[in-house]
Amino acid sequence: MTASERLRDLLHLGTGVAVVVHDPSNMFYLTEGYTGEGLVYLSADRQAIITDSRYTEAAERMAPDFTVITVDNARDHNHCLAELMREDRIAELRFEANYLSVESFDRLRGAIGEDVTCVPLEKAPQKLREIKTPSEVLIMRKAANITSEAFRAILPKIRVGMTEKELQIELDFTMLRLGADGNAFDTIIASGENGSLPHAVPGSRKLCAGDMITMDFGAKVGGYCSDMTRTVALGQPGEEMRRVYDTVLRAQTLCVDALAAGKNCYDIDRLARDVIDARGFAGRFGHGLGHAVGIDIHEEPRLSPKCHEILRPGVVITVEPGVYIPGLGGVRIEDTCLVKENGCETLTTADKQLIIL
Ligand code: GLY
Ligand code: MN
Ligand code: MN
């Protein structure tokens, strides 16, 4: 079944009802490959991409199962959409209330007229995206392999005196050379005391002997993300940072081992928090334990105190506990994992024991 068929199925899309999608990640998912601008229209027996001439040929190549409609000076996207809806006799339009701005919605509403009922799509495409198909898993495994391989390749290049920014450039270049299409997100390099910033921006700080260095990075391949964090030591770290590392590693491996279909996201998050709190670092792990990954770097569900979803096979999700101590530093260890019936497969495979360079 194609992604657009899965959505029609989920929504029981009958005659008189259509879906319009503007979120680029949902457009990519539903068309199985279109990365340009515009919108996607789905009705019971029609599927179309409405775009401008910059993307017409690309859309035809990337999404051969979709009709491509090109806007012009006389007919903008909303007018083309209204035409299709009139031809299909659409009375109800499902739209992304979580994505369209009020202004964009008002313009769309103006073009399609007051007789059509507009109903929120309630993130139905995102719900489908939670369960990765075997072909999606194949691409994500490739992205994760490149990420793991890049970590192994970068280790001999990490030296006292190089800046965080230089390390970021090396790492990003290594992923591209290994076959990444790009980065899944901006690479994080946090050295020494900067390690207490979970989303540090790599800067001009020079790496020093005794630093812990957190590297959070991921390759993007075929439109899909990977996400991995490793923290290494440059020379012997201090006693307290060793204790932090052991704690985070213990929490991370415990949660990866516990990850399986049928488990509650909340409970997995709790496991990590209990280990970290029990070892004297209560309050030093402020973020959630993990997030699903796919076309977007951050997807649902989350491993978090706020998420009570039950994990299902085919969910790809990160496990990334961290401990952050201002003035001292921090440690985070993260893997991207595929949830299975009786456990999980860790897609990112780089070594997690403390590496002292
Ligand atoms: N790289 C961002 C995150 O781990 O969520
Ligand atoms: Mn990450
Ligand atoms: Mn992450």
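To be clear, the structure that these remarks concern was listed above.
The text that follows walks through the structure, step by step, so that each part is easy to find. These figures come from a predicted structure and were not determined experimentally.

## Some remarks on the coordination of the manganese ion (ligand 2)
D216 (OD), D216 (OD), D227 (OD) and E334 (OE) make up the full set of protein donors to the manganese ion (ligand 2), lying at 2.0 to 2.6 Å. On the primary sequence, the residues serving as donors to the manganese ion (ligand 2) are separated as D-x10-D-x106-E. Here the manganese ion (ligand 2) and the manganese ion (ligand 3) are spaced 3.2 Å apart, linked through D227, which binds each one. Here D216 is found in strand β9 (residues 211-217), whereas its partner D227 is found in the loop between β11 (224-225) and β12 (228-234), with eleven residues between them in sequence. There is no split in this pair, since D216 and D227 are both buried.

## Some points on the environment of F173
As for its placement among the helices and strands, F173 is situated in helix α8 (residues 164-177). Separated by ten residues in sequence, F173 and N183 have C-alpha atoms that sit 9.8 Å apart.

## A few points about the sheet that holds β11
Strand order in the open sheet formed by three strands is β7-β10-β11, and the pairing between neighbours is antiparallel. In the strand order of this sheet, the two ends are held by β7 (182-183) and β11, each with one partner. Pairing analysis gives two bridges linking β7 to strand β10 (residues 219-221), with the strands arranged antiparallel. Residue pairing across strands places N183 opposite A219, the latter belonging to β10.

## Focus: the pairing of β12
Across the seven residues of β12, seven count as buried, placing the element largely inside the fold. Burial of β12 is two-sided: the residues M228, R230, V232 and L234 facing one way and the residues T229, T231 and A233 facing the other way are all buried. Pairing between β9 and β12: seven bridges, direction antiparallel. Within β12, the residue paired with D216 across the bridge is T229.

## A short note on the side chain of E96
Position of E96 relative to the elements: it lies in the loop between β5 (92-95) and α5 (102-112). For E96, which is buried and forms no salt bridge, the nearest opposite charge comes from R129, at a distance of 6.9 Å. Reaching out from E96, the side chain makes a polar contact with the backbone nitrogen of D23 at a distance of 3.0 Å. Once residues within four sequence positions are removed from consideration, E96 is found in contact with V20, V21, H22, D23, N26 and L121.

## So, the nonpolar core
Counting residues in each nonpolar core, the largest one holds 35 residues, and the members touching the most others are L7, L11, V19, V21, Y29, V40 and I49. Of all the secondary-structure elements, those providing two or more residues to this core are α1 (3-11), β1 (17-21), α2 (24-31), β2 (39-43), α6 (124-129), α7 (134-154) and β11. Per-element accounting of this core gives the leading share, four residues, to α2. If we skip the residues at most four places from it in the chain, Y29 touches A3, R6, P125, L128, R129, E136, Y224 and I295. Residues M241, I325, I333 and V339 belong to the second largest nonpolar core, which totals 33 residues.

What counts, and where the lines are drawn
- Residues numbered from 1 in each chain as written.
- Chains lettered and ligands numbered in written order.
- Predicted model: local features only at pLDDT ≥ 70, side-chain atom pairs only at ≥ 80, totals over all residues.
- Heavy atoms only, no water.
- Donors = N, O, S within 2.8 Å, 3.2 Å for Na, K, Ca; no water.
- Helix = DSSP H or I, 4+ residues; strand = E, 2+ residues; numbered from the N terminus.
- Buried < 20%, exposed > 50% of the residue type's maximum accessible area, 1.4 Å probe, protein only.
- Pairing = 2+ DSSP bridges.
- Lys, Arg positive; Asp, Glu negative; His and termini not counted.
- Salt bridge = Lys/Arg side-chain N within 4 Å of Asp/Glu carboxyl O.
- Polar contact = N/O pair within 3.5 Å; in protein donor to acceptor, adjacent residues only side chain to side chain.
- Contact = heavy atoms within 4.5 Å.
- Core = buried A, V, L, I, M, F, W, Y, C linked by side-chain atoms within 4.5 Å.

These figures come from the coordinates and say nothing about function on their own.
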